[in-house]
Every structure is written in structure tokens, then in C-alpha cells.
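Chain residues, written in single-letter form:
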Amino acid sequence: MCNQKTQDKADYDVSIVRPQMQSEDFKMRGQGMESTRLEAIKKGLLTLHTLELMAMTIYRFQITKENCEFNRQLTAAMCNEMTHYQDFQVKLYEYRFKPSIIRLAYWFVGFAFGFISRLMGRKAILKTGIWVETKAVHHYAELLETIDWDENTRRIIEKDQADEYGHIRQWKKVLDIDKEVENKMI
Ligand SMILES: [Fe+2]
Ligand SMILES: [Fe+2]
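Because the structure is a prediction, the values reported are computed rather than measured.

Enquirer: Just to check I follow, could you spell out the coordination of the iron ion (ligand 1) for this structure?
Expert: Protein ligation of the iron ion (ligand 1) involves Glu52 (OE), Glu52 (OE), Glu81 (OE), His84 (ND1) and Glu164 (OE), the donor distances falling in the range 1.9 to 2.6 Å. All donor residues of the iron ion (ligand 1) come from one chain, and their arrangement in sequence is E-x28-E-x2-H-x79-E. Distance-wise, the iron ion (ligand 2) is placed 3.9 Å from the iron ion (ligand 1), both being coordinated by Glu81. With Glu52 in helix H2 (residues 35-62) and His84 in helix H3 (residues 69-94), this pair connects stretches of sequence that are 32 residues apart. Neither residue differs from the other here; Glu52 and His84 are each classed as buried.

Enquirer: So what exactly am I meant to see when it comes to the packing of aromatic side chains here?
Expert: One pair of aromatic rings is described through two measures. These are the centre distance and the angle between the planes. If you walk through the whole model with that rule in mind, you get 10 aromatic pairs. Here Phe70 and Trp171 contribute two aromatic rings whose centre-to-centre distance is 6.1 Å and whose plane-to-plane angle is 90 degrees, an arrangement assigned as edge-to-face. Residue Phe70 is located in helix H3, and its partner Trp171 is located in helix H6 (residues 151-185); the two are separated by 101 residues in the primary sequence. The two residues Phe70 and Trp171 agree in class, both being buried. Geometrically, the ring pair formed by Phe113 and Trp131 is tilted, given 5.8 Å between the ring centres and 45 degrees between the ring planes. Placement of Phe113 in helix H4 (residues 103-120) and of Trp131 in helix H5 (residues 122-146) is noted, with a sequence separation of 18 residues between them. In textbook terms, an aromatic cluster arises when at least three aromatic residues are bridged by ring pairs, as seen for Phe61, Trp107, Phe108, Phe111 and Phe115. One cation-aromatic arrangement involves Arg122 over Phe70; the distance from NZ or CZ to the ring centre is 4.6 Å.

Enquirer: Whenever I open this one, the coordination of the iron ion (ligand 2) confuses me. Can you help?
Expert: Six octahedral donors around a metal ideally subtend angles of 90 or 180 degrees, whereas four tetrahedral donors ideally subtend 109.5 degrees. Ligation of the iron ion (ligand 2) by protein atoms is provided by Glu81 (OE), Glu133 (OE), Glu133 (OE), Glu164 (OE) and His167 (ND1), these donors lying 1.9 to 2.4 Å from the ion. The sequence pattern formed by the donor residues of the iron ion (ligand 2) is E-x51-E-x30-E-x2-H. A relative accessible area of 3% places Glu133 in the buried class. For Glu164, a relative accessible area of 1% translates into the label buried.

What counts, and where the lines are drawn
Residues numbered from 1 in each chain as written. Chains lettered and ligands numbered in written order. Predicted model: local features only at pLDDT ≥ 70, side-chain atom pairs only at ≥ 80, totals over all residues. Heavy atoms only, no water. Donors = N, O, S within 2.8 Å, 3.2 Å for Na, K, Ca; no water. Helix = DSSP H or I, 4+ residues; strand = E, 2+ residues; numbered from the N terminus. Buried < 20%, exposed > 50% of the residue type's maximum accessible area, 1.4 Å probe, protein only. Phe/Tyr/Trp six-rings, centres within 6.5 Å; stacked < 30°, edge-to-face > 60°. Lys NZ or Arg CZ within 6 Å of the ring centre and 35° of its normal.

By themselves, these observations are geometric and do not establish any function.
Encoded structure:
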């Protein structure tokens, strides 16, 4: 069972930054569900929507004006987080819930993390990315485990979680390459 789950997660293609959606992919959801299940789904979606706003804002404010490969990678990551944000906003409305007003506070947290790490430099940007994404994958795992999602929403959450794992791997790789370069210069 556990191996199957790991296998399933590995099946998500994290090279797809923004999966295609067609009109018929949008559905009205929640009909006939028990109120406790709906309440749990609502809480979970609000949490994910809010956290993704923070994630996309962090990357947004980490990008500098420099024409370089690192800014290209940060821009792709920002786009991926914008996709996640869209995913959960769509789900909220499919269930006829509304986004949380307090998510604006998470915009400011994202701005602070993004802007301060940008001021501190590339290493701080990478370490912030790894730290935030690690928190995110744990959060995703907890919500996947504790909430009885509909199948489509579950698959989207799993794909987005796989993306966050992809971001961790990517930033760790860049950090390792930077360390190698640094060591060669000493
Ligand atoms: Fe995300
Ligand atoms: Fe991410």
C-alpha cells in the first residue's frame, strides 16, 4: 500500500508547470456530501489556497532584474505556484465556497520572506525556498491523509505536492552546485 502510494506520486510529471484544463474539466462539487465532510474539505481548500498565495508571493519578490538562469528558474517556480493558487481557487468555487479574507495577511508574510531573502542573496533565497517547500509538503501530506477528498481534487493536491517536492530537489541541486563552485575557488 505504502509502495503503491509512493509509486503513484512518482507518476506525476513535475516538468509540466501548468497543466492544461478544458471547459468540461470544471464541475460543480459537493452534492450529497455530509456536512462534516464538506466542512473538512472547505477548511483544507482554504488552507491550501492561502499557502499557495504565500508561495507565489515569495518567489515573486525573490526575482531580481538580472538576466540570468536563476531568475528564469524562479519565474518558472512562481508560475507553478500561481497554477496551484488557481487550482484551489477553482476548487473553492466548484464547491461554492469563498476564499478567505485573511489570506491577505499571507501575502504580506510571502512578501517579507521573499523580499528579505532577496536582500540577503542567492544562498538565502535557496534556503528559504527549501525550508518553505519542506513545510508545504508536510502540510500537503497531512491534508491528504486526514480529509476525505473527491477523487479529482485529491489528484490535483497530489500533483501539486509532487511539484513542491520537485522545487525542493531543484533548489538543493542549485545549492550543491554553488557549494562546489565555492570550494573550487578556495
Ligand atoms: Fe505550491
Ligand atoms: Fe513550490
